[in-house]
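Here is how the chains run, residue by residue.
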Amino acid sequence: MAKRSLFILMCIFSLTIGITSAQDAQPGADGVGDKLYPLSGNGGYDVQQYDLQLMWDNKTGAIDAQTTIKSIATQDLSAFNLDFIGFDITKLTVDGKDTKFSRKDSELTVDAAVTKGKTFETVVAYNGNPSQVKDSLTTGWIAVKDSVIVISEPVGAQGWFPSNDHPSDKALFTYEVTVPKAYQVAANGLPDKPVENGDNNTYKFAINKPMATYLATINIGKFKTVEQTGPDGLPIVNYFPPDFTDPEKAFTRQPEILSFLSEKFGPYPFDVSGGIVVNQQIGVALEAQTRPIYGTDASELVVAHELSHQWFGDNVSVATWDQIWLNEGFATFAELLWIEHINGKNALDHTIQRRYDELQGLYRFSKDDLISSLESGQLPDVQLTPEKVGQLLHLLMDSAATKADIDAVVAKLPKDGAKVTQLGALMKSIPVQGQIVLKTIDFYKFNSIITGEPLAADAEQKTAPNLHGPADVESGDMMFDGSVYQRGGLALQALRLKLGDDTFFKLLQTYVSQYAGKNVTTTDFTSLAEKISGQDLKDFFQRWLYDKPLPPITELGLS
Ligand SMILES: [Zn+2]
């Protein structure tokens, strides 16, 4: 009897649990609530690890792939979403069972119930040609003739593997990439020896510390491996195009840059470093975790920028995309530190002045610099009337030369005027006082005078600087602008001057160690700054990080 009643009790108990969980189980949200990318990421689970296996067909550019995602449910789920664009899905299982799914735009909904706290494994097999993700930037898997470049910030990862595509869900990764023997794979993470597989080779890489999805990269092409050793024996494995000689000496100094950054920010956070240089100029670089991607045009300063992201962005990551200055402002500040370290205080001040000016749409030149930048700008071989020559000289030189001196040169011109390419020579004979200052609109006016095409009616408005606080980012196309990068970097330099080096670098090192592997908001940083300095910094941060007007340059130690 007792047993029976206990049995009944247990039945009721488990029934109750069953009913409760059935009632509570809800579909996971289709986004994490990011202001800039509402459908980026998903709710209800936390990814622990992605295992990506893919085979690339060099003839069609298609991939045949399988992504295994190990996650923990953070709520009772009746279904959950992944972010994924394109491809034919040939199989989808959850914990080994075939599972129904549906797709709408970038959302893949998986009809699997999972109890809160349970670890579960989702396997998605798919094939086809990856889609680039068109946002303010084109990102993701970019097929270039006979090669592949993958740059996924901010939401390009979902264009090549199903994922919880938001930086707030970081996870471990492994890649197994199979390519024909004539090609090599340059990815991020710790490389293993390639395994021969018939006519193909399989390349393996492992990311052993949590990484945001946008930092995953797999590049396919022709590469040679060049190794270096960093601080404390850190292995540096570079992938360069076969004939790349590092003309800028950008990569030669990586060990020195890593040592310098480690001194300033604390120990390098990962188990390997290096760079991937793809065989063309791409004009951008991305801080792929452990091993950033560059074009052949990368400079030493770009390398310092991307390596500093290993601390700021990769190890300590943003909680939402509107906090992007915590990545870019810090990496731009690291550029200032490197300039000061290599070229001294004057070079630092010169750079700060230039960047401060550029934020306001102002460009300063000495006469010689302006002439040489004109002459290196491949000017068209066009004949100009004396009147047009006069307009151009006034446009370029009014800020530093007198009207009379400019007019005197114009008056001596022959009737048929002069060629555009003679402008530099004419400028040489005009005396100037101080620096020449040009605005962004002046470059447009310059072209308009030469070509005779009128300026667009909204040119003045369009070229006006878009001043905003680096921590006040309202849309995706503001994420990568000068206010986020340059003003973010200058805000940190102003903070450094306000707190003094000892307190300031203690703050940066504490911030990195306290939030290692985690996600942060601006408030995490500003609160820590107040705590460590013992100062009330609310007004300072309000003016530098949130208000529109640029604070005075005196706060950067310049007048
Ligand atoms: Zn950056």
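Note that this is a predicted model, so its numbers are computed, not measured. (Residues numbered from 1 in each chain as written. Predicted model: local features only at pLDDT ≥ 70, side-chain atom pairs only at ≥ 80, totals over all residues. Heavy atoms only, no water.)

Asker: Please explain the domain arrangement of the protein chain as it appears in this structure.
Answerer: In terms of domain boundaries, the protein chain breaks down into domain 1 (45-325), domain 2 (362-463) and domain 3 (466-556). Summarising the inter-unit geometry, the C-alpha centres of domain 1 and domain 3 are found 29 Å apart. Counting residues at the interface gives 24 residues for domain 1, matched by 26 residues for domain 3. Taken as a group, K264, V316 and W325 account for 33% of the area that domain 1 buries against domain 3, more than any other trio of residues on that side. (Domains from an automatic or database assignment. Contact = heavy atoms within 4.5 Å. Buried area = accessible area lost by both parts, 1.4 Å probe.)

Asker: Please clarify how the coordination of the zinc ion should be interpreted in this entry.
Answerer: When a metal holds four donors in a tetrahedron, each ideal angle between them is 109.5 degrees; when it holds six in an octahedron, the ideal angles are 90 or 180 degrees. In the first shell of the zinc ion, the protein supplies H305 (NE2), H309 (NE2) and E328 (OE), at 2.0 to 2.1 Å from the metal. In terms of primary sequence, the donors binding the zinc ion are separated according to H-x3-H-x18-E. Note that H305 is positioned in helix α3 (residues 300-308) and E328 in helix α4 (residues 325-343), a separation of 23 residues in sequence. Both residues of the pair, H305 and E328, count as buried. (Donors = N, O, S within 2.8 Å, 3.2 Å for Na, K, Ca; no water. Helix = DSSP H or I, 4+ residues; strand = E, 2+ residues; numbered from the N terminus. Buried < 20%, exposed > 50% of the residue type's maximum accessible area, 1.4 Å probe, protein only.)

Asker: Would you mind showing me how to read the packing of helix α12 (residues 482-499) against helix α15 (residues 538-546) here?
Answerer: Pairs of packed helices are described in terms of their axes, by the angle between the two and the distance that separates them. Relative orientation of the contacting elements α12 and α15 amounts to 160°, with a least axis distance of 9 Å. With respect to α15, the axis of α12 lies roughly antiparallel. Pair α12 / α15 crosses with right-handed handedness. Facing R487, L490, A491, A494, L495 and K498 of α12, the residues of α15 in contact are F540, F541, R543, W544 and L545. A class-by-class count of the residues in the contact of α12 with α15 yields 8 nonpolar, no polar and 3 charged. (Axes fitted to C-alpha atoms, helices over the stretch in contact; angles between N-to-C directions. Parallel < 35°, antiparallel > 145°, perpendicular 65-115°, else oblique. Left-handed = near helix turned anticlockwise from the far one by under 90°. Nonpolar A, V, L, I, M, F, W, Y, C, P; charged D, E, K, R; others polar.)

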